[in-house]
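One-letter residues, chain by chain:
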Amino acid sequence: MRRSPTPTTHFSSSSLVTLFLLLCCRAATVHALTDPATTIQFDDTRDGLSLFGVGCRKKGPIKVYSVGMYSDAGTKESLATQPKSTSSLAALRNALQSTPLTTFVLKMNFKVGAEKMAEAIAESVIPRTSNMGAVDTLKRLIADGVAAKGAATPGTVLTFDCTSDGSVKVSVDGREVGSAPDLCQAFTGVFLDDKAVSPSFRESVVDNCCEVSGTGESSEAGSATSSSQASHFWQRKSNLKVPQLPYKYSALQPVISEKTMRLIHEENYAKCISNVNQLLNDCEPKHRKLSIEKIISNSEIRQSNPELYNNAGQCYNLNFFFKCMKSKGGGGEPGGLVAKAIVRDFGSYQSLRKEMVSAAKRTFGSGWLWLGYNRQKKRLEVVRTSGGGNPLTDKIIPLLTINMWENAYYLDYQGRRADYVNACLDRLVNWNFVEKNFKHATGEGFVNDTIHAATHRGLPLLAAMYTANWAKHQAIHMLFRQS
C-alpha cells in the first residue's frame with residue numbers, strides 16, 4: 001500500500017514576522033527589577049500594587065537580604081514629576097501615610113537565625129518610634145515566623161504589610177504570623193528616611209519613579225519603569241563592592257584587636273567604597289566603570305576630582321594593608337630576595353625597623369607608612385603618605401604598608417605609634433606577600449616563573465593547539481577528497 005506523504009506546515013515570511021512581534025509584545029508586558037547586589041528579582045506588580053524600587057541590606061561586606069516596596073499606582077504616578085533626588089522621598093513618605101496598603105518584601109540572601117533576624121529589624125525600628133510595646137510585638141512575630149522553619153535561609157521571603165490603620169502585618173513565606181500596631185510610619189522610615197538601612201533601595205526608588213514621562217494608566221507607568229530601567233542599564237552605574245578580609249576579624253589579635261579590625265573594615269572601608277560609587281556616578285559615563293587601581297593612576301581624576309582620588313586611594317591602601325598582615329607565622333626577619341635587598345639598601349633589617357619607626361613618629365595626622373621599590377633609583381625606600389596618598393604617584397612600587405590612621409591603632413595603643421609599628425613588624429607582616437611584590441617590581445625571578453608556567457600550563461596548551469590544528473587539516477583534507 002502506498003503511504004500518503006506526511007503533511008508539512010509552511011510559514012510565510014509575513015507570518016513569522018507577525019509571530020515574532022507577538023512574542024516581543026508579550027515579553028514587553030513582563031516587568032521586573034533585579035537587585036544588582038544579589039541578582040534577586042522582584043515582579044513589577046504584587047496583588048495589584050506597583051513596584052517602586054529594590055535594594056540590598058548589607059551588614060559590612062555581607063549582603064543580608066534584598067528589599068522591594070509595593071504600593072498603589074496612583075502614589076507612584078505622583079512621583080513621576082518629582083526631581084531625581086533623594087529629597088523627593090520626603091514627599092513619598094508623606095503620600096504613603098494616606099495609602100491603604102504598602103508592602104515591603106524582604107528576600108533573604110544570607111542565612112540568619114530567627115532571634116538575630118528579629119533583633120536586627122527591631123533595632124532599626126526602635127529609633128523611629130516611642131511605642132516599645134509594639135516593637136516587642138513585631139520582634140516576637142518575626143522570631144516566631146522564622147523559627148517555624150528553623151532560620152531565615154536564602155530564598156526565605158518576609159512580607160510586611162503596612163495597612164491603613166497603622167499596623168504592620170508580618171508573613172513568612174506566605175504564612176501570616178500576626179500584626180504589630182502603630183508601626184506603619186516607623187517601618188516605612190526604616191527604608192525611606194535619611195538614615196535608611198539600604199541606601200541602594202532609596203536610590204532605586206528615585207531612579208525608577210522620579211522624572212518619568214508617560215503618567216496615567218498603570219500599564220504606562222510599568223512601561224516608564226521598564227524604560228527607566230533600560231536607561232539605568234546603559235548608564236552603567238558604578239557598583240564597587242567591599243572585598244572580604246583574607247582572615248577572621250579576630251585573627252590579628254592581640255596586636256590588632258577584633259574591635260579595631262571591624263571598625264576599619266566594616267565602617268571605614270565600606271564608607272570609602274560607598275563614597276567612590278557615589279562620586280563615580282556623578283562623573284562622566286566613561287569613568288563610571290573604572291577600577292580602584294585605574295582611578296588612582298589617572299592623572300586627570302587626581303587633578304580634577306581630588307575627593308574621588310582620595311577615597312579611591314584609601315580603598316586601595318586598606319585592601320593592600322589587609323594583605324600585608326598575616327594571622328599566623330607573620331613578622332620577624334624576612335628571607336629571600338627582599339631580605340638581600342634590605343641588607344643592600346639599609347645595612348640590616350634592624351636598620352630598616354628603626355627607619356620605619358622613626359618615619360611613623362614623624363607622620364603628621366593620618367596617613368600610611370610604606371616600604372617601596374624606587375624603579376628609577378633601583379633601591380628600597382621608606383615612604384610616608386598622608387590621607388589616601390599612595391607612592392605609586394611617585395613611581396615607587398608599594399611592597400609593604402602599615403596603616404597609620406588613628407583608628408587603626410588608638411583603641412589598642414593610644415598614642416604609642418612606635419609600639420604599634422614594632423608589633424606589626426615583629427608579629428604580623430606577611431613577608432611572602434612582600435617578596436611577591438618585590439619580584440613583580442624588579443623582574444627578579446622572572447625566568448623561574450616563566451619556566452614554571454611553561455612546565456605546568458604552557459606545554460599542555462601547546463599540545464592542545466597542535467592537536468586542534470592537526471584535526472583541522474585532516475578535516476579539510478577529507479573534505480577535498482569527498483568533493
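Data block above holds the structure.
None of these values were measured; they are calculated from a predicted model.

Undergrad: Quick question: what am I supposed to make of the sheet that holds strand E13 (residues 379–386) here?
TA: Hydrogen bonding along the main chain pairs the strands of a sheet, whether they run parallel or antiparallel. The three strands are arranged E13-E12-E14 in an open sheet whose pairing can be described as antiparallel. Strand pairing shows two members of the sheet lacking a second neighbour, E13 and strand E14 (396–403), which therefore form its edges. Sheet twist, expressed as the average angle between the axes of neighbouring strands with direction ignored, equals 25 degrees. The sheet contacts of helix H13 (residues 336–346) involve strand E12 (367–374) and E13, and relative to E13 the element is tilted by about 85 degrees.

Undergrad: Even after reading the chapter, I still don't get the environment of Leu337, so can you show me in this structure?
TA: Looking at the element boundaries, Leu337 is found in helix H13. You can call Leu337 partly exposed: its relative accessible area is 25%. Separated by 102 residues in the primary sequence, Leu337 and Lys439 place their C-alpha atoms 8.0 Å from one another.

Undergrad: What should I look at first to understand the packing of aromatic side chains in this one?
TA: Geometrically, a pair of aromatic rings is defined through the distance of the ring centres and the angle of the planes. This model, assessed by the stated rule, comprises 16 aromatic pairs. Pairing Phe320 with Trp370 gives two aromatic rings, centres 6.0 Å apart and planes at 40 degrees, and the pair type is tilted. Taken as a pair, Phe320 in helix H12 (residues 306–324) and Trp370 in strand E12 lie far apart in primary sequence, 50 residues in all. You can call Phe320 buried: its relative accessible area is 8%. Feature note: the residues Tyr269, Tyr316, Phe320, Phe321, Phe322, Trp368, Trp370 and Phe433 constitute an aromatic cluster, connected by ring pairs. Over the ring of Phe42 we find Lys107, and its NZ or CZ is 4.5 Å from the ring centre. Taking NZ or CZ as reference, Arg302 lies 5.9 Å from the ring centre of Tyr309, over its face.

Undergrad: When you look at the side chain of Glu435 in this model, what are you seeing that I'm missing?
TA: Relative to the helices and strands, Glu435 resides in helix H17 (residues 431–442). Here Glu435 is buried and forms no salt bridge, its nearest opposite-charge partner Lys439 lying at an N-O distance of 4.7 Å. There is a polar contact of 2.8 Å between the side chain of Glu435 and the backbone nitrogen of Leu337.

Undergrad: Looking at this structure, how should I read H17?
TA: The α-helix winds at 3.6 residues per turn, so residues separated by three or four positions along the chain end up facing the same way. Taking 1.5 Å of rise per residue, the twelve residues of H17 would be expected to cover 16 Å, and the 16 Å separating its terminal C-alpha atoms lies within 8% of that figure. Three or more residues of H17 are buried, namely Trp431, Phe433, Val434, Glu435, Asn437, Phe438 and Ala441. Those residues of H17 that are buried are in contact with H12, H13, helix H14 (349–362), E12, E13 and E14.

Undergrad: How do you make sense of the sheet that holds strand E6 (residues 101–108) when you look at a structure like this?
TA: Read across the sheet, seven strands follow the order E3-E4-E5-E6-E9-E10-E11 without closing on themselves; strand pairing throughout is antiparallel. Edge positions in the sheet fall to strand E3 (45–46) and strand E11 (175–180), since each has one partner strand and no second. Its contacts with the sheet place helix H5 (residues 132–147) against strand E9 (157–163), strand E10 (168–172) and E11, and it is angled at close to 170 degrees to E11. Across the sheet, helix H7 (residues 199–209) lies against strand E4 (49–59), strand E5 (62–71) and E6, angled at about 155 degrees from E4, the strand it touches most.

Undergrad: Looking at this model, I keep getting lost on helix H3 (residues 89–96). Mind explaining?
TA: The set of residues buried in H3 consists of Leu89, Leu92 and Leu96. Buried residues along H3 cover an arc of 50 degrees about the axis, so they all sit on one side. Next to the buried residues of H3 lie E4, E5, helix H2 (73–78), E6, helix H6 (184–192) and H7.

Undergrad: Looking at this model, I keep getting lost on unusual backbone geometry. Mind explaining?
TA: With an omega of 5 degrees, the peptide bond between Gln253 and Pro254 qualifies as cis. Notably, Asp173 is not glycine yet its phi reads approximately 50 degrees, a positive angle. With respect to the secondary-structure elements, Asp173 resides in the loop between E10 and E11. The backbone of Gln414 shows a phi angle near 55 degrees, a positive value even though the residue is not glycine. Gln414 sits in the partly exposed class, given a relative accessible area of 37%.

The rules we used
Residues numbered from 1 in each chain as written. Predicted model: local features only at pLDDT ≥ 70, side-chain atom pairs only at ≥ 80, totals over all residues. Heavy atoms only, no water. Pairing = 2+ DSSP bridges. Helix = DSSP H or I, 4+ residues; strand = E, 2+ residues; numbered from the N terminus. Axes fitted to C-alpha atoms, helices over the stretch in contact; angles between N-to-C directions. Contact = heavy atoms within 4.5 Å. Buried < 20%, exposed > 50% of the residue type's maximum accessible area, 1.4 Å probe, protein only. Phe/Tyr/Trp six-rings, centres within 6.5 Å; stacked < 30°, edge-to-face > 60°. Lys NZ or Arg CZ within 6 Å of the ring centre and 35° of its normal. Lys, Arg positive; Asp, Glu negative; His and termini not counted. Salt bridge = Lys/Arg side-chain N within 4 Å of Asp/Glu carboxyl O. Polar contact = N/O pair within 3.5 Å; in protein donor to acceptor, adjacent residues only side chain to side chain. Expected span 1.5 Å × (residues − 1). Arc of directions from axis to C-beta.

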